[in-house]
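Below are the chains, spelled out letter by letter.
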Amino acid sequence: MAQSEENIPSSFENMDLSKEILRAVHEMGFTEPSTVQAKTIPLMMAGTDINAIAPTGTGKTCAFGIPMLEYVQLNDGRIQEIVLAPTRELALQIGDELTQLAHFIKGVRIAVIYGGQSISRQLNALKRKPQIVVATPGRLLDHMQRGNVRLDAVHTMVLDEADEMLNMGFVKDVTKIIEATPPERQLVLFSATTNRDVLTIAWKYQHDPVEITVEATKEDRPQITQYVIATEQERKISDLLYLLDADVYQRVMIFCNTKFMTDKLTSRLQKEGYNAECLHGDIPQSRRNVVMNDFRRGKFPILVSTDVAARGIDVDDVEAVINFDLPNENEYYLHRIGRTGRAHKHGVSFSLVSFRESVRMDEILKYMISSPTPLHFEDGILRSADETPFFDHI
């Protein structure tokens, strides 16, 4: 069932929220709800199951976090709310934002559970009897199998970045976790795209869900100017240095496809005098946390990363994203460039494309316009057959 556009609130004050939540929202700098928040919050407050498709950077955490905090029972020490996230970084980000939202609510306990952190530390967090748990699927299932976690009192379950989580092979884990919750619980799915696994979960476990779609063409879409730079593999580093030497962007993310290239490129940038750090799956979680926190706080301007971070970084002022390598999956292109242009700011992305990668770039472009229409360059701008410009070409 699709959501009606009628009676969608235009302000947080019109949502019947508690004074504690309103105070937290205002202190976090939100003046009015984003589209996904305005559509989601009233439905979740009413207990409705939701299947939401929305671009990155549109305020999804507040959209599901506010209702969860509004109806949590503070005098009940059982786990009542579960949020599943595909990556450690995203789980930590969600936990941080929920903590900010709960700042003025006394008695709320939130635990973040993810792989790479010691079991003993997580056991201590669980002994505090959190009402809200944010977790990656594998680690939560591990705690369930150890008898450390029971989900029989769960009221609401949210799958954030459900499309990515299921694409990563967590279908069986997610299914087991859902089936450990009461059948009448509320199930809310958030995705940037949809796929067969998401639809299967929705069909099997949701009850009369309402579909929410925030169109990418609306004001919620990040404002990102996308450039394609024609180059060759051996010239990529010099072209990258040219972009960085322009000294226009104060905070930049650079994406590579492999851990080896991420390390190699970071070392080269550091030798060239750039303050750069890297992030990939072989880096210990404690170090990854330090790197992410330092990047958020502006302690260094350039982060080189594999796709491990594409879904887990929420930094409002990333000014530019550079694809040193083109991603192997079309969806990852959107996830990468979505790290810029957040919080209604303008962003820019550059893709360094060698001749060998030109076919891959064509596939990404066709995916971006959801059409098999052939693309061609004219007057320095990449256009489709209907003359619609999509990317500037350098």
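Going by the structure above, here's the rest.
Presented here is a report on the structure given in the accompanying data block. None of these values were measured; they are calculated from a predicted model.

Scanning the chain from N- to C-terminus turns up 14 helices and 16 strands. Within the chain, the proportion of its 394 residues that are buried is 54%. In the chain, the share of contacts with a sequence separation of at least 24, taken over all contacts with a separation of at least 6, comes to 72%. Accessible surface, the chain: about 17900 Å² in total, of which carbon and sulfur atoms supply 49%.

All right, on to the sheet that holds strand β6 (residues 186-191) then. Taken together, seven strands build an open sheet; the order of strands is β3-β4-β2-β5-β6-β1-β7 and the sheet is parallel. Here the strands that pair on one side only, and so sit at the sheet edges, are β3 (110-113) and β7 (210-213). Strand-to-strand twist across the sheet, computed as the mean angle between neighbouring axes with direction ignored, equals 15 degrees. Here strand β1 (residues 50-53) runs beside β6; their pairing, made up of four bridges, is parallel. Note on β6: the bridge partner recorded for Asn-51 is Leu-189.

What follows covers the environment of Pro-327. Structurally, the position occupied by Pro-327 is in the loop between β12 (320-323) and α13 (330-337). Residue classification places Pro-327 among the buried positions, given a relative accessible area of 0%. Along the primary structure Pro-327 and Arg-360 are separated by 33 residues, whereas in three dimensions their C-alpha atoms are 8.7 Å apart. If sequence neighbours within four positions are ignored, Pro-327 has contacts with Asn-257, Tyr-332, Tyr-333, Arg-336, Arg-360 and Ile-364.

Rules behind the numbers
- Residues numbered from 1 in each chain as written.
- Predicted model: local features only at pLDDT ≥ 70, side-chain atom pairs only at ≥ 80, totals over all residues.
- Heavy atoms only, no water.
- Helix = DSSP H or I, 4+ residues; strand = E, 2+ residues; numbered from the N terminus.
- Buried < 20%, exposed > 50% of the residue type's maximum accessible area, 1.4 Å probe, protein only.
- Contact = heavy atoms within 4.5 Å.
- Areas by Shrake-Rupley, 256 points an atom, 1.4 Å probe, with all protein chains shown as cover.
- Pairing = 2+ DSSP bridges.
- Axes fitted to C-alpha atoms, helices over the stretch in contact; angles between N-to-C directions.

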